[in-house]
Amino acid sequence: MSSDTPGGPGAHPDHATLDEGAAQDLLRGICFKTGPPRIVGVELEWLIHDQENPDVPVAQERLDGAVAALRELPLSAALTFEPGGQLELSSQPAGSLMECVGTTAADLAAVRASLGRDGLAPVGLGVDPWQTPHRRLREPRYDAMEAALDRAGPSGRAMMCTSASVQVCLDAGEEEPGPLGYGRRWQLTHLLGAVLVAAFANSPFRQGRPTGWKSTRQALWADLDPVRTLAPVGGLPPREAWAAHVLDTTVMCVRREEGPWDVPEGLTFREWIRTGAPRPPVRADLDYHISTLFPPVRPRGHLELRMIDAQSGADGWLVPLAVATALYDDPEAAETVYRTVKPLAEWAGSAAAPRNPLWTTAAREGLADPELRAAATVCFDTALTALDRMGATKAVQDTVAAFNDRYVARGRCPADDLLEPGALAAPIRPAGRADEPGTEPHTGRVTSA
């Protein structure tokens, strides 16, 4: 899907002041657009490392040259960069899983080749295991974001500059109830999401040391702000719950045409509308505000699954894409996985994801937890069966099956490979046939994408 990087480019504010009723109507209307689930997209973030010395920071001049070359590539996906220099590819919405896989794989092959000419590689890890947070992009929007997140502690800078993810984007669902209804899918995301965190946890190190978390990235996201990283709480229906959450979350910043952006403290969007200070908000401000909310699942007319660590290897990225698409969009699979994860609600309790016991255990232990392992086993078996029904190629099915055999069936996740002696110290080596998804085995080593 197209990039909506928090702080990213957006429309200039227009002159139509937004009132509270109009804001609520917009949120209810645009965030859960319903229809037959059939569209899929993916947003892939990558750390950029030197191929031979991944623990050494890439010089700014060298990175600038590589970025300039990347911007000349004729990519289908949108190419953007995160504040710490992480590369992001945001696919266009695709009509099928295989269309998404094909176009994304072609873009990645071009990106890898271009970076390789400069001795660099895109690396799939949830958190950079070596580097301290260092912001490379100096722009008013990132200055404001950093100032806002610093109020809650250092996790914000770590997220901005050292984290990377695989974000799967799926339709919100159908209006009618049932396995493909938007209400069911919204409920499913906050239970299945924890299973996905555990299965794809791939960030056990930070600044050269083990953190005690299998997904340090998820731990950072849960810690970086008191409210904006949470799912909506309460018993309201999805549209009403999300609208209230958006309006009652504090504004990260107020954009200006010139000069530094304002960083108000404690000002919710609802209060901004009511007071009109420092200036009356408009539609573009609401759109921008939504992009600064970081819940595990964000409705933007479609559902953005934001909880998955970046994955290692040439084809690691397509495993969460294929698994999530199969479990959400195949009706039989959706019903099976819903029955499988529904009992996890008791474990989650009343606290909002990701700050509840279910999500915390998933990030800390991965699939070492027996209940998460059991749920993941059913989910992957179900996904493999659904992928065959959906017409996924043998290469894609084999890639998912290899991940299942190596990790899920053994109660492991990619982080467990990284924690093995010597794994983190291994230099990055170019991956195999990067232009053909499903051909690169999961080696467990820190490898290029």
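The structure under discussion appears in the preceding block.
Structural notes, computed from the coordinates. (Residues numbered from 1 in each chain as written. Predicted model: local features only at pLDDT ≥ 70, side-chain atom pairs only at ≥ 80, totals over all residues. Heavy atoms only, no water.)

Let us look at the overall build of the protein. Along its length, the protein carries 17 helices and 9 strands. For a compact globule of 449 residues, the expected C-alpha radius of gyration is about 22 Å, and the protein comes in at 21 Å, within 12% of that figure. Expressed along its principal axes, the backbone C-alpha trace of the protein runs to roughly 55 × 55 × 40 Å. Counting across all 449 residues of the protein, residues that qualify as buried make up 59%. Summed over its atoms, the accessible surface of the protein is roughly 16,700 Å², and 52% of this surface lies on carbon and sulfur atoms. Separation of charge centres in the protein, based on 43 positive and 59 negative side chains, amounts to 2 Å. (Helix = DSSP H or I, 4+ residues; strand = E, 2+ residues; numbered from the N terminus. Rg over C-alpha atoms; globule rule 2.2 N^0.38 Å. Buried < 20%, exposed > 50% of the residue type's maximum accessible area, 1.4 Å probe, protein only. Areas by Shrake-Rupley, 256 points an atom, 1.4 Å probe, with all protein chains shown as cover. Lys, Arg positive; Asp, Glu negative; His and termini not counted. Charge placed at Lys NZ, Arg CZ, Asp CG, Glu CD.)

Of all the positions in helix H12 (residues 331-341), only Ala333, Ala334, Val337, Tyr338 and Val341 are classed as buried. One face of H12 carries all of its buried residues, which in axial projection span an arc of 130 degrees. Exposed residues pointing more than 90 degrees away from the buried face of H12 are listed as Glu332 and Arg339. At its buried positions, H12 is contacted by helix H6 (182-199), helix H11 (318-329), helix H13 (344-348) and helix H15 (370-389). (Arc of directions from axis to C-beta. Contact = heavy atoms within 4.5 Å.)

In this section: the pairing of strand S9 (residues 302-309). For S9, the buried fraction is high: 8 of the 8 residues fall into the buried class. Across 6 bridges, strand S5 (residues 165-171) lies against S9 in antiparallel orientation. Of the residues in S9, the one forming a bridge with Asp171 is His302. With 3 bridges connecting them, strand S8 (residues 297-299) and S9 associate as antiparallel partners. From the neighbouring strand, Pro299 faces S9, where its bridge partner is Leu303. A loop of 2 residues connects S8 with S9, the two strands running antiparallel in sequence, and Gly301 in this loop sits at a positive phi of about 90 degrees. (Pairing = 2+ DSSP bridges.)

Take helix H14 (residues 357-365) next. Within H14, burial applies to Leu358, Trp359, Thr361, Ala362 and Ala363. Residues of H14 that are buried make contact with H6, helix H7 (216-223), S9, H13 and H15. Where H14 begins, the capping side chain belongs to Asn356, and its oxygen is found 3.1 Å from the backbone nitrogen of Leu358. Looking at the residues trailing H14, positive phi occurs at Gly366, about 65 degrees. (Polar contact = N/O pair within 3.5 Å; in protein donor to acceptor, adjacent residues only side chain to side chain.)

One way to put it is that helix H3 (residues 97-116) packs onto H11 with a least axis distance of 11 Å and a crossing angle of 165 degrees. Considered as vectors, H3 and H11 are oriented roughly antiparallel to each other. Considering the relative orientation of H3 and H11, their crossing is right-handed. Taken together, the residues of H11 that come into contact with H3 (itself represented by Leu97, Cys100 and Val101) are Leu318, Leu321, Ala322 and Thr325. Of the residues in the contact of H3 with H11, the class split is 6 nonpolar, 1 polar and no charged. (Axes fitted to C-alpha atoms, helices over the stretch in contact; angles between N-to-C directions. Parallel < 35°, antiparallel > 145°, perpendicular 65-115°, else oblique. Left-handed = near helix turned anticlockwise from the far one by under 90°. Nonpolar A, V, L, I, M, F, W, Y, C, P; charged D, E, K, R; others polar.)

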